[in-house]
Amino acid sequence: MTSTLAPAVSTGMRLDLESVRISYGGTTVVHDIDLAVAAGEILVLVGKSGCGKSTLLRALAGLRLPTGGVIRADDDTVTGPSADRALVFQDDALLPWRTARANVELALRLRGVPRAERATRSGRWLDEVGLTGYADYLPRDLSGGMRQRVQLARSLAGSPRAVLMDEPFGALDSQTRTEMQRLLVDTWRAHPTTIVFVTHDLDEALLLGDRIAVLGAGSLRAVVEVPEPRTAVDRGELRDRILELL
Ligand SMILES: Nc1ncnc2c1ncn2[C@@H]1O[C@H](COP(=O)(O)OP(=O)(O)OP(=O)(O)O)[C@@H](O)[C@H]1O
Ligand SMILES: [Mg+2]
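First, a word on what this report is: a plain description of the structure on this page.

Another aspect to go through is the sheet that holds strand E9 (residues 211–216). In space, the 6 strands of this open sheet follow the order E6-E7-E8-E3-E9-E10, with mixed pairing throughout. On the outer flanks of this sheet lie strand E6 (85–88) and strand E10 (219–225), each paired with one strand and no other. Direction aside, the axes of adjacent strands within the sheet are offset by 20° on average. Taken together, the 6 bridges between E9 and E10 define a ladder with antiparallel strand orientation. What sits directly across from Leu 215, in E10, is Leu 220.

If you want it as C-alpha cells, here you go:
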C-alpha cells in the first residue's frame, strides 16, 4: 500500500437509518429498522435469502427511497444516489467494451476529476488492487476475481465516503474469495471509509465486520459486536449466537 493515493479516499461517513420501512406495492419487506453505521466502520449485514438485505442496501445507496422513516448520510437526508456512496455488486457491473483502466476512469470522470489526473489515479488504483499490467485488458479477458478487483478499484477511485457491497465475492471460488477479503481489509486500512457489506457467509461476516447486523424477515434481530483481537474461540461463539438469531 502506498500513501501516494491520498486523498483518493476520504474518511467515512456516518449512516443512520431511523424507523426505515420499505414496501414493494402493498408488501412491506423492511420493517421499521433503526440502525446507525459509524463513520469508518465495516458493518456486515447477514440474513437468509429474501430477508431484505439488498433492499436495504439499495435504500442506503439512494436507489430506492424508504416508504417510511428516514436515512441520513452524516446530516443529510438521502434522497437519491450520490457518488459519495458507491455500490458494488456480486456480478461485476463493468462496461464490457471498456478496458479495466477506462472503467476506472469513467468513475473519476463522473466525479469531475480532470483528464490527466484520471489517468494517473486509475493506474495507481489498478496497481493497488494487484492488477499491474492488466490496465488495458477488456473485462472478458480477465478472471472473475480480477473483474471484482477492477470493480473495487473503480469504486474506491471515486473517493466515496461509504462503500455499499452486495455479496461482492459471492461468485468467487474460495481461494480467490479469501484473497479478495484480505485485499478489502488491507485497502480499507490504508484508505479508511465506511463499508456496509452484505453476505450470506458467516465466516466472511466474522472476518470482515466490526459489527454484524442480523436481519430476519425484514426486521433487525440483533447487532453483534466482533471483539478485537479475533480469537478462534470468540468467533466460534459468535458464529453460534448468530446462527441461533437467524
Ligand atoms: N423490485 C421488487 N419488487 C417486488 N418485490 C421485491 C423486489 N425486490 C425484492 N423484492 C422482495 O423483497 C424481499 C427482499 O428481497 P431482497 O432482494 O432485499 O432480499 P435479500 O436478503 O437480498 O435476498 P438474497 O440473499 O437472496 O439476495 C423478497 O421477498 C423479494 O421477493
Ligand atoms: Mg440480495
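Empty space within the largest pocket amounts to approximately 500 Å³. For the largest pocket, the lining is made up of 20 residues, of which Ala 86, Leu 87, Ala 107, Leu 110 and Arg 154 are closest to its centre. The set of elements that each furnish at least two residues to the lining of the largest pocket consists of E6, helix H2 (100–110) and helix H4 (144–157). Among the elements that take part in the lining of the largest pocket, H2 stands out by supplying 4 residues, more than any other. Grouping the amino acids of the lining of the largest pocket by side-chain chemistry returns 13 nonpolar, 4 polar and 3 charged. Quantified by volume, the second largest pocket comes out at close to 200 Å³. Every residue lining the second largest pocket is listed: Ile 42, Gln 181, Arg 182, Val 185, Asp 186, Trp 188, Arg 189, Leu 207, Leu 208, Asp 210, Glu 228 and Arg 230. When residues of the lining of the second largest pocket are traced back to their parent elements, those giving at least two are helix H5 (174–190) and helix H6 (202–208). Considering every element that reaches the lining of the second largest pocket, the biggest residue donor is H5, with 6 residues. Class assignment for the residues of the lining of the second largest pocket results in 5 nonpolar, 1 polar and 6 charged.

Let us look at the site of ligand 1. Around ligand 1, the neighbouring residues are Tyr 24, Val 29, Lys 48, Ser 49, Gly 50, Cys 51, Gly 52, Lys 53, Ser 54, Thr 55, Glu 167 and His 200. One of the side-chain nitrogen or oxygen atoms of Ser 49 is found 2.5 Å away from an oxygen atom of ligand 1. In the environment of ligand 1, an oxygen atom lies 3.2 Å from a nitrogen or oxygen atom belonging to the side chain of His 200. In isolation ligand 1 has 630 Å² of accessible area, and contact with the protein removes 56% of it. Here the element with the most residues in the shell around ligand 1 is helix H1 (residues 53–61); it accounts for 3 residues.

Rules and cut-offs
- Residues numbered from 1 in each chain as written.
- Chains lettered and ligands numbered in written order.
- Predicted model: local features only at pLDDT ≥ 70, side-chain atom pairs only at ≥ 80, totals over all residues.
- Heavy atoms only, no water.
- Pairing = 2+ DSSP bridges.
- Helix = DSSP H or I, 4+ residues; strand = E, 2+ residues; numbered from the N terminus.
- Axes fitted to C-alpha atoms, helices over the stretch in contact; angles between N-to-C directions.
- 1 Å grid on protein atoms, 1.4 Å probe; cavity = no way out; pocket = protein on both sides within 12 Å on 5 of 7 lines; lining within 4 Å.
- Points joined across faces, edges and corners; volume = space filled by probe spheres on them.
- Nonpolar A, V, L, I, M, F, W, Y, C, P; charged D, E, K, R; others polar.
- Near = heavy atom within 4 Å.
- Polar contact = N/O pair within 3.5 Å; in protein donor to acceptor, adjacent residues only side chain to side chain.
- Areas by Shrake-Rupley, 256 points an atom, 1.4 Å probe, with all protein chains shown as cover.

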